[in-house]
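# Structure assessment
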Amino acid sequence: MTDHADAKPHGVAAPALAILGSLVSVNAGAAWAKGLFPAVGSAGVVALRVGLSALILLVLVRPWRFTLRRADIPNIVIYGVMLGAMNLFIYRSFERIPLGIAVAIEVTGPLAVVILSSRHARDFVWVILAGAGLWLLLPTAASSAALDPIGIAYALAAAFCWAMYIVFGKRVSMLNGGQAVSWGLLAACVFVVPFGVSQAGGDLLAPAVLGGGLAVALLSSALPYTLEMKALKRLPQRVFGILVSAGPAVAALAGFLLLGERLTTVQWLAIALVTLACGGAAATAGKR
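Below is a short write-up of the structure. Sequence order as written defines residue numbering, which begins from 1 separately in each chain. Where local features are concerned, this predicted model is filtered to residues with pLDDT of at least 70; where side-chain atom pairs are given and counted, the filter is 80 or more; whole-chain, interface and lining totals use all residues. Values reported for side chains reflect all heavy atoms of the structure, with hydrogen atoms and water molecules removed beforehand.

Moving on: the pattern of salt bridges. Think of a salt bridge as a Lys or Arg side-chain nitrogen and an Asp or Glu carboxyl oxygen that are within 4 Å of each other. Counted by the stated rule, this structure contains three salt bridges. Taking the shortest distance from any N to any O, the salt bridge between Glu261 and Lys34 comes out at 2.5 Å. Of the two residues, Glu261 is situated in the loop between α10 (247–259) and α11 (265–286) and Lys34 in helix α1 (residues 13–61); the sequence distance between them amounts to 227 residues. Of the two residues, Glu261 and Lys34, neither departs from the other in class, the shared state being buried. One salt bridge connects Asp148 with Arg96, and the closest N-O pair in it is separated by 2.9 Å. Pair noted here: Asp148 is in the loop between α5 (124–137) and α6 (149–172) and Arg96 is in helix α2 (residues 73–96), with a separation of 52 residues, a long-range link. Type-normalised accessible area, obtained with a 1.4 Å probe on protein chains alone, sets the label of each residue: buried when under 20%, exposed when over 50%, and partly exposed for intermediate values. Residue classification places Arg96 among the partly exposed residues on the basis of a relative accessible area of 39%. Helix numbers and strand numbers start at the N terminus; a helix is a DSSP run of H or I with at least 4 residues, a strand a run of E with at least 2.

Considering soluble globular proteins, one finds that nonpolar side chains tend to be buried as a cluster. If you look at the biggest cluster of nonpolar residues, it comprises 58 residues, and the most contacted ones within it are Val45, Val50, Tyr91, Phe94, Ile101 and Leu111. With twelve residues, α1 is the single largest residue contributor to this core. Any two residues whose heavy atoms approach within 4.5 Å at even a single point are treated as in contact. Setting aside anything within four residues of it in sequence, one finds Leu111 in contact with Trp126, Ala130, Ala277, Cys278 and Ala281. To define a nonpolar core, start from buried Ala, Val, Leu, Ile, Met, Phe, Trp, Tyr and Cys residues and group those joined through side-chain atoms within 4.5 Å.

Looking now at the packing of aromatic side chains. Ring pairs are drawn from Phe, Tyr and Trp, using the six-membered ring of Trp, whenever the two centres fall within 6.5 Å, and their geometry is named by plane angle: stacked under 30 degrees, edge-to-face over 60, tilted for the rest. Here the structure, examined in full by the defined rule, presents five aromatic pairs. Geometrically, the ring pair formed by Tyr91 and Phe94 is tilted, given 5.5 Å between the ring centres and 35° between the ring planes. Note that Tyr91 and Phe94 are positioned in helix α2 at a spacing of three residues, about one turn of the helix. Among the aromatic residues, those joined into a ring-pair cluster are Phe37, Tyr91 and Phe94. A ring is considered to have a charge above it if a Lys NZ or an Arg CZ atom is located within 6 Å of its centre and within 35 degrees of its normal. It is Arg171 that lies over the ring of Phe168; its NZ or CZ is 4.6 Å from the centre.

Our next topic: the side chain of Thr275. Along the chain, the position of Thr275 falls in helix α11. Beyond its immediate stretch of four places on either side in the chain, Thr275 contacts Ser245, Ala246, Pro248 and Ala249.

Along the chain, the position of Tyr225 falls in helix α8 (residues 207–232). By relative accessible area, Tyr225 is classed as partly exposed at 36%. Distance in space between the C-alpha atoms of Tyr225 and Ser25 is 9.9 Å, their sequence separation being 200 residues. Not counting the four nearest positions on each side in its chain, Tyr225 is found in contact with Arg49 and Ser220.

What follows covers the packing of α1 against α10. Between N-to-C directions, angles span 0 to 180 degrees; the directions come from axes that are lines fitted to C-alpha atoms, helices contributing only their stretch in contact. It is at 9 Å that the axes of α1 and α10 come closest, and there the two elements cross at 45°. For the element pair α1 / α10, the angle class is oblique. Between α1 and α10 lies a crossing whose hand is right-handed. Two secondary-structure elements touch here, α1 through Leu23, Val24, Asn27, Ala28, Ala31 and Lys34 and α10 through Gly247, Val250, Ala251, Ala254, Leu258 and Leu259. Classification used: nonpolar for Ala, Val, Leu, Ile, Met, Phe, Trp, Tyr, Cys and Pro, charged for Asp, Glu, Lys and Arg, polar for all others including Gly. Considering only residue class, the contact of α1 with α10 consists of nine nonpolar, two polar and one charged. Geometric relationships in this document are graded by angle, where less than 35 degrees denotes roughly parallel, more than 145 denotes roughly antiparallel, 65 to 115 denotes roughly perpendicular, and other angles denote oblique. Take the far helix as the reference: if the near one is turned anticlockwise from it by less than a right angle, the crossing is left-handed, and if turned clockwise, right-handed.

The values are spatial; any link to function lies outside them.
Rendered as structure tokens:
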């Protein structure tokens with residue numbers, strides 16, 4: 001895949017803005033989702049987000065038009081289950097700790113994939129930075145004593161699922177026309193909806209809840225994925241990775257502006273360290 005390293009500077013502004021819009025949309029959706037927790041719980045919101053996203057994508061892509069090889073089915077199922085579990089765990093984390101901190105922990109999953117695939121010792125500088133950031137967020141650190149350890153554990157579980165989602169997503173990424181994402185979301189839907197129904201029951205079908213769930217699905221899935229796909233066509237992979245690494249900082253700002261979540265100076269420092277580690281890993285990976 002071409003890295004577009006010779007992309008002209010003036011051609012980077014629009015896709016960079018698209019990435020910024022994607023980050024804002026994802027985290028606005030997360031904040032909106034958190035507002036729905038009192039009505040249907042985190043599992044209920046995940047069921048709405050994944051279920052509605054799967055329905056929208058099935059209608060748009062119609063993946064049954066393409067031939068699906070038997071050998072791809074196990075990978076698609078695992079890919080979808082990891083996607084669903086990642087959403088369940090991170091929304092559980094959102095219930096207990098601020099958005100920015102949860103996302104900062106979660107992004108260590110894809111960071112681990114990058115580092116573990118590296119053969120360069122210099123890349124372990126990013127491991128040290130990320131590790132320092134995570135240490136500052138642990139309940140053993142004086143600055144993070146107020147953080148719920150269960151919330152941190154959920155975020156770490158989401159990080160693991162995100163790493164597995166990347167690994168198995170790569171295996172099915174060559175399928176035609178968004179087929180992998182469509183079938184993966186359907187598998188995720190089958191996995192997560194029972195959790196949502198057991199937690200919220202018939203409340204999931206309330207018009208106001210359905211409307212809120214649709215907003216979450218559009219803000220957290222449909223719109224950001226569309227913006228990212230457009231940006232990927234015009235941005236070097238290295239630049240794309242660096243821009244996306246700002247996710248934890250944007251999440252922290254969204255939590256502050258939309259939910260009134262206030263972080264300590266040390267917690268902001270921890271988020272900055274993780275963000276720098278992700279951006280640095282993306283930058284050095286793109287050069288090879």
